[in-house]
Amino acid sequence: MARIPIALQLYSVREACAGDFEGTVKAVAEMGYEGVEFAGYYDRSAQEIRDLCDDLGLKVAGTHIRIDTLLGNGLAATVEFNNTLGNCYLIVPGLAEEYRESADAWRRTAGVFNEISRRLDAENMRTGYHNHTMEFEELDGQIPWDLFCEGTAERVVTQLDIGHCLRAGGDPVAALNKYPRRAQLVHVKEYAAVDEAALVGEGDVDWSVMFEACETVGDTRWYIVEQERYPVSPMESVERCLANLRKLGK
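In short, a report on the structure. (Residues numbered from 1 in each chain as written. Predicted model: local features only at pLDDT ≥ 70, side-chain atom pairs only at ≥ 80, totals over all residues. Heavy atoms only, no water.)

## Observations concerning the sheet that holds strand β8 (residues 222-225)
The sheet built from eight strands closes into a barrel, its strands ordered β1-β2-β3-β4-β5-β6-β7-β8 with parallel pairing. On average, each strand axis in the sheet is tilted by 25° relative to the strand beside it, whichever way the strands run. Where strand β4 (residues 89-92) meets strand β5 (residues 126-130), four bridges bridge the pair, whose relative direction is parallel. From the neighbouring strand, Val-92 faces β5, where its bridge partner is Tyr-129. Running over the sheet, helix α11 (residues 234-247) touches β1 (6-9), β7 (185-188) and β8 and is turned about 160° from β1. (Pairing = 2+ DSSP bridges. Helix = DSSP H or I, 4+ residues; strand = E, 2+ residues; numbered from the N terminus. Axes fitted to C-alpha atoms, helices over the stretch in contact; angles between N-to-C directions. Contact = heavy atoms within 4.5 Å.)

See below:
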């Protein structure tokens, strides 16, 4: 399999982006990241962002987006924006209570994603969902991640967040094996039992086993660093994450 490139979820450096979006994205490129995943656009147009990324040699790995922008008449504007951006992955990073309050709610939610996915097929785009901890915690005698994955078509992306999964007591390698060929985007996040701010490569994750699963059954196309707690500054933290991934052979 071809080498999997590494992107940064810009939520990791959101305060820097809010203060100087262009300068922050430039710094991310200079660190050696090959792509970025968005979580907001800081009042820039799609063309402005596309031009910036093109100038810096960055690819757009995906975007985190509210589910309401994928529903009804709102979908057309979302598709147009992301076509300009050059992005095909529209990932929902969280859901309101009505979508996740019970096992039945999760089953209905899976149906919603299937319909969004069907509508996106003609646009050559894909939708998907990014887990936090709750998706791996029992609800009504079920694991929500299983309800979502089993209820959605294979084309719906399961963006596995490794750190969140482990923090909830889940097994990310088992999850990749249980739902193969669906983790095109994986959030590379560390987990350490004694340090919530541990950086990638500095905690308890067995990354060699994790990467093997991604690169075989996962069909992973992007490793995406997302750091939400910081032992040093956010910018230093994400730079160190990338350096550690290089040491791990990535």
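## Here we look at the nonpolar core
Within the largest apolar cluster, 67 residues are counted, with the highest numbers of intra-cluster contacts made by Leu-10, Tyr-33 and Phe-38. Once you skip the residues sitting within four places of it in the chain, Phe-38 turns out to touch Gln-9, Leu-10, Phe-21, Ile-49, Cys-53, Val-60, Gly-62, Thr-63, His-64 and Leu-85. Among the nonpolar cores identified, the runner-up in size contains eight residues, and Ala-61, Leu-185, Trp-222 and Ile-224 belong to it. (Core = buried A, V, L, I, M, F, W, Y, C linked by side-chain atoms within 4.5 Å. Buried < 20%, exposed > 50% of the residue type's maximum accessible area, 1.4 Å probe, protein only.)

## So, the packing of helix α3 (residues 46-56) against helix α4 (residues 74-85)
Here α3 crosses α4 at 20°, and the two axes come no closer than 8 Å. Classed by the angle they form, the pair α3 and α4 counts as roughly parallel. The two elements α3 and α4 cross, and the hand of that crossing is right-handed. Across from Ala-46, Gln-47, Ile-49 and Arg-50 in α3, the residues of α4 making contact are Phe-81, Asn-83, Thr-84 and Leu-85. (Parallel < 35°, antiparallel > 145°, perpendicular 65-115°, else oblique. Left-handed = near helix turned anticlockwise from the far one by under 90°.)

## Some points on the environment of Ala-174
Examined against the element boundaries, Ala-174 turns out to sit in helix α9 (residues 172-178). The exposure class of Ala-174 is partly exposed, given its relative accessible area of 37%. Here the alpha-carbon distance between Ala-174 and Met-210, two residues 36 residues apart in the chain, equals 9.9 Å.

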